[in-house]
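Listed here are the chains, written in short residue letters.
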Amino acid sequence: VMSKNKSSESVKVVVRCRPLNRKEESNGPAGSIVQMDLRLGQVILRNPRAPVSEPQKTFTFDAVYDANSKQGDLYDESVRPLIDSVLAGFNGTIFAYGQTGTGKTYTMQGAWMDPQKRGVIPNAFDHIFTHISRSQSDKQYLVRASYLEIYLEEVLDLLDPNHGNARPLELRESPESGVYVRDLTSCVCKSIKEIEEVMNVGNQARAVAATDMNEHSSRSHALFLITVECSQPGPDGRKHIRVGRLNLVDLAGSERQAKTGVQGERLKEAAKINLSLSALGNVISALADGRSGHVPYRDSKLTRLLQDSLGGNAKTVMVATLGPAPQHYDETLTTLRYANRAKNIQNQPRVNEDPKDALLREFQMEIARLRAQLHHRKWRTKQKKEQVDGEGWERDGDEETEGEEEDEEDEEEGVEKEAEEYVKQEQRLEREKQDIREDQFMLADEKQRLLGEKERMMGVLRKEQEATEQLTAKYKAMESKLLVGGKNIIDHTNEQQKMLEGKRHEIAEQTRSEREIQQQMLVRDEETVELRETFTSLQQEVEAKTKKLKKLYAKLQCIKAEIQDVNDEHVRSRQELEQTQNELTRELKFKYLIIENFIPPEEKNKIMNRLTFDPEEDQWKFQPLVPAERSVWVLDVGMLFPSEPSDMYFKTLQILWTLQEKRENIIIVK
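About the thresholds
- Residues numbered from 1 in each chain as written.
- Predicted model: local features only at pLDDT ≥ 70, side-chain atom pairs only at ≥ 80, totals over all residues.
- Heavy atoms only, no water.
- Helix = DSSP H or I, 4+ residues; strand = E, 2+ residues; numbered from the N terminus.
- Buried < 20%, exposed > 50% of the residue type's maximum accessible area, 1.4 Å probe, protein only.
- Contact = heavy atoms within 4.5 Å.
- Areas by Shrake-Rupley, 256 points an atom, 1.4 Å probe, with all protein chains shown as cover.
- Axes fitted to C-alpha atoms, helices over the stretch in contact; angles between N-to-C directions.
- Parallel < 35°, antiparallel > 145°, perpendicular 65-115°, else oblique.
- Left-handed = near helix turned anticlockwise from the far one by under 90°.
- Nonpolar A, V, L, I, M, F, W, Y, C, P; charged D, E, K, R; others polar.
- Core = buried A, V, L, I, M, F, W, Y, C linked by side-chain atoms within 4.5 Å.
- Bend = angle between axes of the 7 residues up to and from the residue.
- Salt bridge = Lys/Arg side-chain N within 4 Å of Asp/Glu carboxyl O.
- Pairing = 2+ DSSP bridges.
- Patch = residues over 30% accessible without salt bridge, like charges linked within 9 Å, V, L, I, M, F, W, Y side chains within 5 Å.
- Polar contact = N/O pair within 3.5 Å; in protein donor to acceptor, adjacent residues only side chain to side chain.
- Phe/Tyr/Trp six-rings, centres within 6.5 Å; stacked < 30°, edge-to-face > 60°.
- Lys NZ or Arg CZ within 6 Å of the ring centre and 35° of its normal.
- Disulfide = S-S within 2.5 Å.
- Expected span 1.5 Å × (residues − 1).

Engineer: Tell me about the overall build of the protein, and please be specific about residues and values.
Structural biologist: Looking only at helices and strands, the protein has 17 helices and 22 strands in total. Buried positions account for 37% of the 670 residues belonging to the protein. The long-range share in the protein, meaning contacts at least 24 apart out of those at least 6 apart in sequence, stands at 70%. Taken as a whole, the protein presents about 40500 Å² of accessible surface, with 52% of it coming from carbon and sulfur.

And the structure:
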């Protein structure tokens, strides 16, 4: 059941600029093209190719962080409130967006071993488990983690032990949980160490390669998913469960082949990365525009997975990363424009309360069932022991029965350890009662008196047993109090740390509110400057109006320059798309050539008949091959290329060998 809170909030956008690296510094003394006003949350971008008279471009965001900013500052001010919301049952997403080599992975992960350089993800781990350790004792938590990557537009499970040969996972959608990944590995984590181990296992499997712009360039989009389920008793006495989901997204950077120098497989990866980032940009533009009825979430796997995070049920923080070097001006401007549009996206976050599929509830029910089973087993064991003891007394010396009794006592020894003495005494009293009943020489009145006395003794024994259990419980409570007493110092330290974090949070909130007030004052000052102005002479009024005219003319020039930049960017994007289209068309024609010349028509028809369209995945798939009589035929590639081997020869041979390995009816290639 979802809460009915329909309040909307904007996507929070923060911008971070890395320092110049050694390679960029050695290129010349041009300096940084990015300036940041931390107080107003503004980014000022200078065009290195434009004349000095051209006005600089200014963008305003929720917060900005320059090259001297610390990881902790960004987390405390921009990320901590989001993690608190996730712990309260909201969905949350943090993703870094920007050109390759601008510090996205450093911002998200950082240097794990250095507390000052730990990124968003390790700080979030620490935040979640610290909050759980300090929560009240009546709350129960279950934390699960999953890790996936989108590589070449295929969703892969990074926690799968057979990751290298694993099949791509499928995306599904349900009304309750939205878009999810089918059969994705989910690990239950009970500590920071365990969830860090999950992260490390996934990082070792992630696709990374070197390019001219980044020595450790991410070749895939990575999503680390954390689910926090919390159970606590409500006013009605029943346990209420809420589920918060946190998506930590490390996007691969957009890149241009001319700058990165990638070829072959790296070029194919770059094309897929740019395609998915272009789809993400289209989604951001459609949501920010507000007039478009269709949002193209299905254009890529990335946008489908981020569907709730952009315009849906989630609180979202976007960290846009910039490069300050003059040669990256175009990419920096594009990133700032996308980030500026993302500010206008409205989400509708709501608390996820009491979901039907809450795994924590299943765990609790299983524990309660096992506990009831254990109590029942103890009771049956006790009854069985008493029965066996009675039979043994009657037969007195039946070795087989005594052996069975000893075996059963050995089997149940662990279960009855705490009450062993009381069980023996009860068994002795039961045997004595049985002796009295079977004694034929004793009078009935005497029998009744003795049986009553034995019953009284058994009642006393039961009371003594209950008193012992109460004493044991008190002892355990006292022991736990002693342990709690030992923890009081730790608790006191935790309280101080909690207060310190609270103060830090207050400072961050105050800084954020001051920045918002200053931004609002700046806008209002521009709007009310005319109302406050009074003129003592016509000359003074002419000067003021001239000044205002110049200001408006400068704004007009900025808008014209912006329009020209957008047109230039559109032309560049179109040229890149045309180039990609030409390469794909050439590849397609080459494959058609192979099909028409090397694949028999009947084999081609078999392949075509196996094709089916999956509307959920929005792509064509092969049906499983039905075993049948297979035609073995020999293809002599040497006859096709009688002259010296060429590139076309080797490429054709490679494709034919691939078909043979996939068992596509080409059996022997000479």
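Engineer: Could you give an account of the packing of helix 4 (residues 120-134) against helix 5 (residues 192-205), naming the residues involved and the relevant values?
Structural biologist: Relative orientation of the contacting elements helix 4 and helix 5 amounts to 150 degrees, with a least axis distance of 10 Å. Between helix 4 and helix 5, the crossing angle belongs to the class labelled roughly antiparallel. In this structure, helix 4 crosses over helix 5, and the sense of that crossing is right-handed. In contact with Ile121, Phe125, Asp126 and Phe129 of helix 4, helix 5 contributes Ile192, Ile195, Glu196 and Met199. Across the contact of helix 4 with helix 5, the residue classes tally to 6 nonpolar, no polar and 2 charged.

Engineer: Provide a residue-level description of the nonpolar core, including the pertinent values.
Structural biologist: Of all hydrophobic cores here, the largest spans 50 residues; its most connected members are Val15, Val43, Phe61, Leu148 and Leu280. The element best represented in this core is helix 7 (residues 265-289), accounting for 7 residues. Not counting residues within four places of it along the chain, the set of residues in contact with Leu280 comprises Tyr97, Leu251, Leu302, Thr303, Leu306 and Leu310. Counting residues in each nonpolar core, the second largest holds 40 residues, with Phe129, Tyr147, Ala222 and Cys230 among its members.

Engineer: Tell me about helix 2 (residues 71-87), and name the residues and values.
Structural biologist: At Val79, helix 2 shows its maximal kink, close to 55 degrees; a proline, Pro81, follows between one and four residues later. A large share of helix 2 lies buried, amounting to 13 of its 17 residues. After helix 2 finishes, the residue Gly89 shows a positive phi value of roughly 110 degrees.

Engineer: Summarise the pattern of salt bridges; cite the residues concerned and give the values.
Structural biologist: Pairing between side chains of opposite charge can happen when the charged atoms of each approach one another. Going through the model one piece at a time under the given rule, you end up with 16 salt bridges. As a salt-bridge pair, Glu596 and Lys604 come within 3.7 Å of each other at their nearest N and O atoms. Accessibility expressed as a relative area gives 30% for Lys604, which makes it partly exposed. Sharing partners across several salt bridges, the network here consists of Glu170, Arg172, Arg182 and Lys621.

Engineer: Could you give an account of the pairing of strand 9 (residues 154-157), with specific residues and numbers?
Structural biologist: Of the pairings in the sheet, the one linking strand 8 (residues 140-151) to strand 9 comprises 4 bridges and is antiparallel in character. Directly across from Glu149, in strand 9, lies its bridge partner Leu156. In textbook terms, the turn of a hairpin is the stretch between consecutive antiparallel strands, and for strand 8 and strand 9 this stretch comprises 2 residues, one of which, Leu152, has a positive phi near 55 degrees.

Engineer: Describe a nonpolar patch on the surface, with residues and values.
Structural biologist: On the surface, a cluster of nonpolar side chains totalling about 280 Å² of accessible area is made up of Leu588, Tyr592 and Ile595. Along the polypeptide, Ile595 turns up in helix 14 (residues 538-598).

Engineer: So what's going on with the side chain of Glu149? Residues and values would help.
Structural biologist: In this structure, Glu149 sits in strand 8. Among the polar contacts made by the side chain of Glu149, one reaches the side chain of Ser220 at a distance of 2.6 Å.

Engineer: Help me get a handle on the sheet that holds strand 3 (residues 34-37), residues and values and all.
Structural biologist: One open sheet holds the 3 strands; their spatial order is 3-4-5, and the pairing between them is antiparallel. Looking at strand neighbours, the two that pair on one side only are strand 3 and strand 5 (57-60), the edges of this open sheet. With direction set aside, neighbouring strand axes in the sheet form an average angle of 20 degrees. Both strand 4 (residues 42-45) and strand 5 contribute to a ladder of 4 bridges, which runs antiparallel. Note on strand 5: the bridge partner recorded for Leu45 is Lys57. Each of strand 3, strand 4 and strand 5 is contacted by helix 9 (residues 329-342), which is oriented at about 35 degrees to strand 5, the strand it contacts most.

Engineer: With reference to specific residues and values, describe the packing of helix 2 against helix 4.
Structural biologist: Orientation of helix 2 relative to helix 4, taken along the N-to-C sense of each, is 45 degrees, at an axis distance of 10 Å. Between helix 2 and helix 4, the interaxial angle falls into the category oblique. When you trace helix 2 past helix 4, the crossing you get is right-handed. Contacts between helix 2 and helix 4 involve Leu74, Tyr75, Val79, Arg80, Ile83, Asp84 and Leu87 from the first element and Val120, Asn123, Ala124, His127, Ile128 and His131 from the second. Of the residues in the contact of helix 2 with helix 4, the class split is 8 nonpolar, 3 polar and 2 charged.

Engineer: Describe the environment of Thr227, and please don't skip the residues or the numbers.
Structural biologist: Residue position: Thr227 is located in strand 15 (residues 221-233). Sequence separation of Thr227 and Asn247 is 20 residues, and the distance between their C-alpha atoms is 8.9 Å. Excluding residues that lie within four positions of it along the chain, Thr227 makes contacts with Leu142, Val143, Arg144, Val243, Gly244 and Arg245.

Engineer: Talk me through the packing of aromatic side chains; I want residue IDs and the actual numbers.
Structural biologist: The final tally for this structure, using the stated rule, is 5 aromatic pairs. Grouping aromatic residues by their ring pairs yields a cluster made of Trp112, Phe125, Tyr147 and Phe224. If you follow Lys315 out to its NZ or CZ, it ends over the ring of Phe90, 4.9 Å from the centre. It is Lys343 that lies over the ring of Phe61; its NZ or CZ is 5.5 Å from the centre.

Engineer: Before we move on, could you go through unusual backbone geometry and cite the residues and values that matter?
Structural biologist: We note that Glu153 has phi near 60 degrees; this positive angle belongs to a residue other than glycine. Tracing the backbone through its elements, the reader meets Glu153 in the loop between strand 8 and strand 9. Phi is positive for Asp183, close to 65 degrees, though the residue is something other than glycine. Positionally, Asp183 belongs in the loop between strand 11 (178-181) and strand 12 (187-189).

Engineer: Describe the side chain of Asn47, and please don't skip the residues or the numbers.
Structural biologist: By the secondary structure assignment, Asn47 is in the loop between strand 4 and strand 5. Of note is the side chain of Asn47, whose polar atom sits 3.1 Å from the backbone nitrogen of Arg49. Leave out the neighbours within four places in its chain, and Asn47 touches Glu54 and Tyr329.

Engineer: Tell me what's going on with the environment of Thr321, and back it up with residues and numbers.
Structural biologist: The residue Thr321 is located in strand 17 (residues 315-322) in this model. C-alpha of Thr321 to C-alpha of Gly98: the two residues are 223 residues apart in sequence and 5.1 Å apart in space. Apart from residues lying up to four places away in sequence, Thr321 is in contact with Arg16, Tyr97, Gly98, Gln99, Thr102, Gly103, Lys104, Thr107 and Thr335. Within the structure, Thr321 has its side chain in polar contact with the side chain of Thr102 (distance 2.7 Å).

Engineer: A description of the state of the cysteines should follow, citing residues and the corresponding values.
Structural biologist: Considering all chains together, one arrives at 0 disulfides under this definition. With no disulfide of its own, Cys189 has Cys187 as its nearest cysteine by sulfur position, at a separation of 6.1 Å. Assessed through its relative accessible area of 4%, Cys189 is described here as buried.

Engineer: Describe helix 14, naming the residues involved and giving the relevant values.
Structural biologist: Compared with the 90 Å implied by 1.5 Å per residue over 61 residues, the 88 Å span of helix 14 between its first and last C-alpha is a close match. Considered for burial, the residues of helix 14 that qualify are Ala544, Asp565, Glu569, Phe590, Ile594 and Phe598.

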